[in-house]
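Reading the structure
Chain by chain, the residues:
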Amino acid sequence: MTTQTVIQAMADKVLAGDRRALAQAITLIESGRDDHRIKALALLDLLQNSNREALRLGLSGTPGVGKSTFIESFGMMLVAQGLKVAVLAIDPSSARTGGSILGDKTRMERLTREPNAYIRPSPSQTELGGVARRTREAAMLCEAAGYDIILIETVGVGQSETVVAQMCDVFTLLLAPAGGDELQGVKRGIMEMADLILINKADGDLAAAAQRTCADYAGALHLLRKRAQDPDGFPKAACVSALQDTGLPEAWEDIQHLVTWRKSQGLFVKTRADQARYWFAQDIRNGFLAQLERDPYKQKIIDLAEKVGQGDMSPSRAAQLALASLRSAPINDANT
Ligand SMILES: Nc1nc2c(ncn2[C@@H]2O[C@H](COP(=O)(O)OP(=O)(O)OP(=O)(O)O)[C@@H](O)[C@H]2O)c(=O)[nH]1
Ligand SMILES: [Mg+2]
């Protein structure tokens, strides 16, 4: 079989919803090997116009807030409604060993066993740009494979929220009930990205604190600048308990309401188009940066830096020379 027929066969199987083929396809797009990259791009070309649309739901929150528990409960609820659910993750922390979700599968025991759920551990560590691209491409594969909802999880530590928000239709921030009335140091920029803030663990002893935290955030959201992509009442704060399955149907209704409204206003499509352009620009940038890490440019830059350090050449002249050599660089599309 030629490469083209192998890739076509893989694409056909993905479109048919074959889980093994989906897993293989994701492994292919995650690979850093140049020959794999060429195949991966060919595969993505074939699936580009699958005309399938999944709802991409981003989920972020600090460690221990209950993301995995939430995904398990929320995912089970969606599956019970006859929906197909895929779970992906971006794990920005290099300290953690390859894939939070894998270890978390114990917390997603029920969902793991569901034939209509697909859980993919986060790709192995590289820089955030590479992980972002892989997750985005994995989401596209899941979409082509006929999944209705793609949950993309990330641990909230700063940058990764932006990455997830930029590849999702709806972005949800999960918070724990706060002890006092402080706003848990959630950065304004992160709050501004959220479509929905869910205060988890609103059960037992924590129920009252959760209500207060929810009211605090509802107030804080009210003070934010009105966004064009929001209907009345959004962004919204609400209480849930992933452990006791409360508030989840309401959260799902809110999400559906938001999506329906955005679709009716043409904003859903517009956001996706904006995101695609954003990632295009981002990939070019990452590709350039990756070139700098490769010889002969890497060595050239080291040499120039040496001259700059010794005062033999101005930083400006050295940068100009380095960029000039890049300009004549052959295109290497196996970036990052
Ligand atoms: N009371 C209560 N506990 C919860 C709830 N959701 C999760 N927890 C508990 O909080 C702890 C952390 O839950 P996880 O789901 O692992 O949290 P996580 O956000 O995935 O954590 P990381 O993967 O480490 O970032 C576990 O002991 C859960 O049982 C909830 O709704 N109520
Ligand atoms: Mg987890």
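The protein carries the name LAO/AO transport system kinase in an unreviewed UniProt entry, which gives Pacificibacter maritimus as its organism.

1. Comments concerning the sheet that holds strand β6 (residues 196-199)
With respect to topology, seven strands assemble into an open sheet ordered β3-β2-β4-β1-β5-β6-β7, the strand pairing being parallel. Two strands in the sheet have a free side with no partner beyond their single neighbour: β3 (117-119) and β7 (236-239). With strand direction ignored, the average angle separating the axes of adjacent strands in the sheet is 20 degrees.

2. A word on the nonpolar core
Judged by nonpolar contacts, the single largest core of 71 residues is most densely connected at Leu141, Cys142, Ile150 and Ile152. Here the element with the most residues in this core is helix α7 (residues 128-144); it accounts for eight residues. When residues are assigned to domains, this core turns out to be shared by domain 1 (1-49) and domain 2 (52-267), each giving three or more. In this view, Ile150 contacts Ala54, Arg56, Leu57, Ala86, Leu88, Ala139, Cys142 and Glu143; residues no more than four positions away in its chain are not counted.

3. Here's the deal with the confidence of the model for the protein
On average, residues of the protein carry a pLDDT of 88, and 88% of them reach 70 or more. Between residues 94-99, whose pLDDT stays under 50, and residues either more than four places distant or in other chains, the model counts seven contacts.

4. Side note on helix α3 (residues 34-47)
End to end, α3 covers 20 Å across 14 residues, agreeing with the expected 20 Å (1.5 Å per residue, within 8%). Listed as buried for α3 are Ala40, Leu43 and Leu47. For α3, the angular spread of the buried residues around the axis is 60 degrees, confining them to a single face. Exposed residues lying more than 90 degrees from the buried face of α3 are Asp34, Asp35 and Asp45.

5. Here we look at the site of ligand 1
Near ligand 1 you find 19 residues, and of these Gly66, Lys67, Ser68, Thr69 and Leu243 are the closest. Within the residue set of the shell around ligand 1, elements represented by two or more residues are α4 (67-80) and α5 (100-104). Considering each element in turn, the shell around ligand 1 owes the most residues, three residues, to α4. Looking at the shell around ligand 1 residue by residue, the class counts come to five nonpolar, nine polar and five charged.

Procedures and definitions
Along each chain, numbering runs from 1 in the same order as the chain's sequence is written. Written order determines the labels here, with chains lettered from A and ligands numbered from 1. In view of the model being predicted, local features appear only for residues whose pLDDT reaches at least 70, and side-chain atom pairs are presented and counted only at 80 or more, with totals across whole chains, interfaces and linings using the full set of residues. By this definition, two strands are paired if DSSP reports at least two bridges between them. Here a helix means four or more residues in a row that DSSP labels H or I, a strand means two or more in a row labelled E, and each is numbered from the N terminus. Where helices are involved, their axes are fitted lines through C-alpha atoms of the stretch in contact, as for all axes, and angles between N-to-C directions lie from 0 to 180°. Under the definition applied here, buried Ala, Val, Leu, Ile, Met, Phe, Trp, Tyr and Cys residues are grouped into a nonpolar core through C-beta atoms within 7 Å. Exposure classification rests on a simple neighbour count of other C-beta atoms within 10 Å of a residue's own: a residue reaching 20 or more is buried, one at 12 or fewer is exposed, and one in between is partly exposed. C-beta atoms are placed from the backbone. Start and end positions for the domains come from either an automated domain assignment or a database one. Throughout, a residue-residue contact means that the two C-beta atoms, derived from backbone geometry, are no farther apart than 7 Å. A residue's pLDDT is simply how confident the predictor is in it, with values from 0 to 100. Every helix has an expected span of 1.5 Å times one less than the residues it contains. Think of it as the arc spanned by the lines of direction from the helix axis to the C-beta atoms. Working rule for contacts: place C-beta from the backbone, and if it is within 6 Å of a molecule or strand, that residue counts as near it. Residues are grouped as follows: Ala, Val, Leu, Ile, Met, Phe, Trp, Tyr, Cys and Pro are nonpolar; Asp, Glu, Lys and Arg are charged; every other residue, Gly included, is polar.

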